[in-house]
Amino acid sequence: MNSPLYSHTLGIITRSHNLPGLEGLQEIKLKIQQACEQYDQEVPKVISLFLNAYTLDRQNRLDDAEKVYIECLNTLDSDDVQLKVFINGLLASIYVDKEDLFSAYNHYEIVLNDLPKVDDNISALIYCNISDMYLGLEKFEKAIEFAEKGVTTALNSNRQLGCAVSLLNLGYAHAHLGHSQKALEAILQAKEIGEQCRDSRTLALSHGYIAQAMLINEPQDSAVIINHFELAEHHYQQIEDNHNRLENLLIWAKFLEQKDEIDECKRICQFVSDRFDTKSNYTFFSLYSKTLSKLKKKERAWQEVVAVQSAHIEYTDQVLKGYTQRQADLVVNNVETIQTNQQNDILEQMQKHMGAITEIGQFIATAPNLYAVLPEILEKINTILPTFEFGIALYDKQTDLLDYRYFVDSTGLVDNLTVKCQEHQTVGTYVIQNKKTVHLNTVNDHSLAPYVDQLSREDEDLVVLSDSTMTNSILLTPILLKEEVIGLLSVQHHLSSQYHQHHRYLIEHLASFIAVSLENQKQRQKLESVNRTLETLSQTDPLTGLYNRYQLGKLTSKLVRQAMLERETLAVLMIDIDEYKKYNDTHGHLQGDEALISLSLLMNKFFGDESDYLFRYGGDEFMVICSAQNTHSIQLKIEALRQAFYDINLSNPNSVLSDRLTLSIGGSNVLFEKGNCAMRSKTECFKMVCDQADKHLYKVKASGRDGSLITEDSL
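Quick look at the structure, then. (Residues numbered from 1 in each chain as written. Predicted model: local features only at pLDDT ≥ 70, side-chain atom pairs only at ≥ 80, totals over all residues. Heavy atoms only, no water.)

1. A short note on the overall build of the chain
Scanning the chain from terminus to terminus reveals 29 helices and twelve strands. Looking at the chain as a whole, 53% of its 715 residues qualify as buried. In the chain, the proportion of contacts linking residues at least 24 apart, taken out of those at least 6 apart, comes to 65%. Carbon and sulfur atoms make up 47% of the accessible area of the chain, which totals about 33200 Å². (Helix = DSSP H or I, 4+ residues; strand = E, 2+ residues; numbered from the N terminus. Buried < 20%, exposed > 50% of the residue type's maximum accessible area, 1.4 Å probe, protein only. Contact = heavy atoms within 4.5 Å. Areas by Shrake-Rupley, 256 points an atom, 1.4 Å probe, with all protein chains shown as cover.)

2. Examining the layout of surface pockets
By volume, the second largest pocket amounts to about 1100 Å³. Along the walls of the second largest pocket sit 34 residues, with L115, P116, P542, N548 and Y550 positioned nearest its centre. If you list the elements that add at least two residues to the lining of the second largest pocket, you get α6 (101–114), α7 (120–136), α8 (140–156), α24 (501–539), α27 (589–606) and β9 (612–618). In terms of residues, the lining of the second largest pocket owes the most to one element, α8, which gives five residues. Its residues assigned to classes, the lining of the second largest pocket shows twelve nonpolar, twelve polar and ten charged. (1 Å grid on protein atoms, 1.4 Å probe; cavity = no way out; pocket = protein on both sides within 12 Å on 5 of 7 lines; lining within 4 Å. Points joined across faces, edges and corners; volume = space filled by probe spheres on them. Nonpolar A, V, L, I, M, F, W, Y, C, P; charged D, E, K, R; others polar.)

3. Let's talk about the pairing of strand β11 (residues 663–671)
In terms of residue burial, β11 counts as a mostly covered element, since eight of its nine residues are buried. Relative to β11, strand β8 (residues 569–577) runs antiparallel, the two sharing nine bridges. Among the inter-strand pairings, T569 is bridged to a residue of β11, identified as L671. Examined bridge by bridge, β11 and strand β12 (residues 707–714) share eight bridges and lie parallel to one another. Paired with G667 across the two strands is I710, which belongs to β12. (Pairing = 2+ DSSP bridges.)

4. Observations concerning helix α29 (residues 682–702)
Since the α-helix turns once every 3.6 residues, residues separated by three or four places project in the same direction. In this model, α29 (21 residues) spans 30 Å end to end at C-alpha, consistent with the 30 Å of a helix rising 1.5 Å per residue. If you check which residues of α29 are buried, you get C685, F686, V689, C690, A693, H696, L697 and V700. Each buried residue of α29 lies within a common arc of 135° when the element is viewed along its axis, so the set occupies one face. Facing away from the buried side of α29, by more than 90 degrees, are the exposed residues T683, K687, K695, Y698 and A702. A positive backbone phi angle near 115° is found at G704, which sits one or two residues after α29. (Expected span 1.5 Å × (residues − 1). Arc of directions from axis to C-beta.)

5. A few points about a positive patch on the surface
On the surface, a cluster of positive charge is made up of K254, K290, K294 and K297. With three residues, helix α15 (residues 282–298) is the largest single contributor of residues to the positive patch. Summarising the element assignment, K297 is placed in helix α15. (Patch = residues over 30% accessible without salt bridge, like charges linked within 9 Å, V, L, I, M, F, W, Y side chains within 5 Å. Salt bridge = Lys/Arg side-chain N within 4 Å of Asp/Glu carboxyl O. Lys, Arg positive; Asp, Glu negative; His and termini not counted. Charge placed at Lys NZ, Arg CZ, Asp CG, Glu CD.)

6. What about α27?
The end-to-end C-alpha distance of α27, which contains 18 residues, comes to 26 Å, matching closely the 26 Å that a straight helix rising 1.5 Å per residue would cover. All of the buried residues in α27 are G592, A595, L596, L599, S600, L602 and M603. Looking down the long axis of α27, one finds its buried residues gathered within 165° of arc, a one-sided arrangement. Summarising the geometry of α27, the exposed residues directed more than 90 degrees from the buried face are L590, L601 and K605.

7. Side note on the side chain of S289
Secondary-structure assignment places S289 in helix α15. In contact with S289, other than residues within four places in its own chain, are V308 and H312.

8. Side note on the packing of aromatic side chains
Enumeration over the complete set of coordinates arrives at eleven aromatic pairs. Between F229 and F255, the ring centres sit 6.5 Å apart and the planes meet at 40°, which makes this aromatic pair tilted. Of the two residues, F229 sits in helix α12 (residues 222–236) while F255 sits in helix α13 (residues 242–258), which places them 26 residues apart along the sequence. Residue classification places F229 among the buried residues on the basis of a relative accessible area of 0%. Between Y404 and F407, the ring centres sit 5.4 Å apart and the planes meet at 55°, which makes this aromatic pair tilted. Note on accessibility: Y404 and F407 belong to one class, buried. Above the face of the Y646 ring, R660 is positioned so that its terminal group lies 4.1 Å from the ring centre. (Phe/Tyr/Trp six-rings, centres within 6.5 Å; stacked < 30°, edge-to-face > 60°. Lys NZ or Arg CZ within 6 Å of the ring centre and 35° of its normal.)

Dropping the structure here:
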């Protein structure tokens, strides 16, 4: 869509972040109404849809906003890049808040592909939101990188409030990396912008982040920290921002609990419970549950502790898609079943150890490498129930294999053992096939008979996983995910009669956490893959796969330094496709893009050495950097590239120079010596080489194009 009214309204929308809050939203709508009156036209349909979605967004109705944003995207014309990038950026931000990082990445992938086509005004929002996502991933170095880009582009487009949010992200990341001074400087800059613009949201965020930064970096003055939390809450009361306000309240409550300010902590927790949906964000719900649980422990309200922790587990399962509602209910109701069916001493033992089993479960669920922490887990388990061996076996339904992968005993890690369930009837295969816990306090042929066939009984390793000590007490329970068995949890002891009923319930409860842990590992692998893809996207040109222009600064300083220290040559080649615009105009953009891709493939073929670096410099301009290579070998590569490109015969009938696309290449192969570069920066030295290569490219073009010129120079 390309009309004066549409362009006018699009300009209003894409600068909407300069008008925050619900009052700002009314001003945006008024400006669009005035524009429609000016052109005597109705509001364009796509603009109307966007306003509906944006209204829901600012009202914190994120699920409804998400649906209307998607409807708006489906209405857009294919060439409407500005609004496409803007909406995808807003959607990605919603998914980050909802902790659906995979969906966020899908939208950021679209955004990054089109980012070179938009101005700094939109780029500032995108960089800020990507930085926010990296904060959620705890990738603080990457968060800093994108926050700095957000600050720069926001300043370029005069988006003061956008600059403030990027500064806040910058400060938050520095705080978590222990850079106290940098963190405070960034947050105070954001606060100053908030004061100048009289923006309550920026001021609220600033005070909240100051408090958090002080907490992270060895808090000293509790009164100062609390004052910043209070100021943040004061400003949040003036606006609609439930997400950040809830975060501020929960971290404040956690701090109060740690300082034993019990009454004030209880007041905030009650306010949060009455005022907010704590399940809108898993991290918030987890923080709320942990704080409330600690409060109840200090009050010795054990039943309420159990209820809070059970609710925490239930929601954790839902977020990680680890259980269906039926399975979650089963986990949460474990303690209630015990309360009604078991004796009082069993309930007391459960209450006594529930905190410890929860701590162990959370430790397992967050462990990045289970192998590394198995001895520590065994030590923790022994504080709750006696065991000389602890283990987690994984079950693969497709292969029907039970893999005793994560096992440890008092002497160290136990060797892996794999059992084919259909071929061996063991205690483990019984647990897998029947989804039932096996609890034995006397292990002998008679007690094993219902579970183990004769052949397996003769092979002791299929019954227990240690041949050094006789096993007499065992507890094996299935690990369930969406009602499917994904493994089993095992504890064993060499003495008989070691495990009581409350031990069984505790181990079953722990198995629920382990299901979450295994799901966590899958999610972590997905997120790591997303991070790698995002990093690649930020470094390369999406069309050709070559380095983009922004990578020059990172690579060239290193290459110039290396050339100077080792007295090696460094060559820069500037490559231009002759009369590419006429080819593009004749054949269209799609075929034009194919020509660029074809050239990039040939460049990778002929400049494929480790010391060759290939860039798409812009449009139809390409650059090659050759490190420590002689001019003759570079010239051979150049001519091979030119000939191969000529031979693919990309017809250019409107060209006055040639019937097909050809290449003009200018280059300079420089040996750095003491002289012009001695007192210059690496960037200046590299620019001198580029200027020399550009001059040679100009000479080739002036002499009729379709040629090359590379010289040996020194600096």
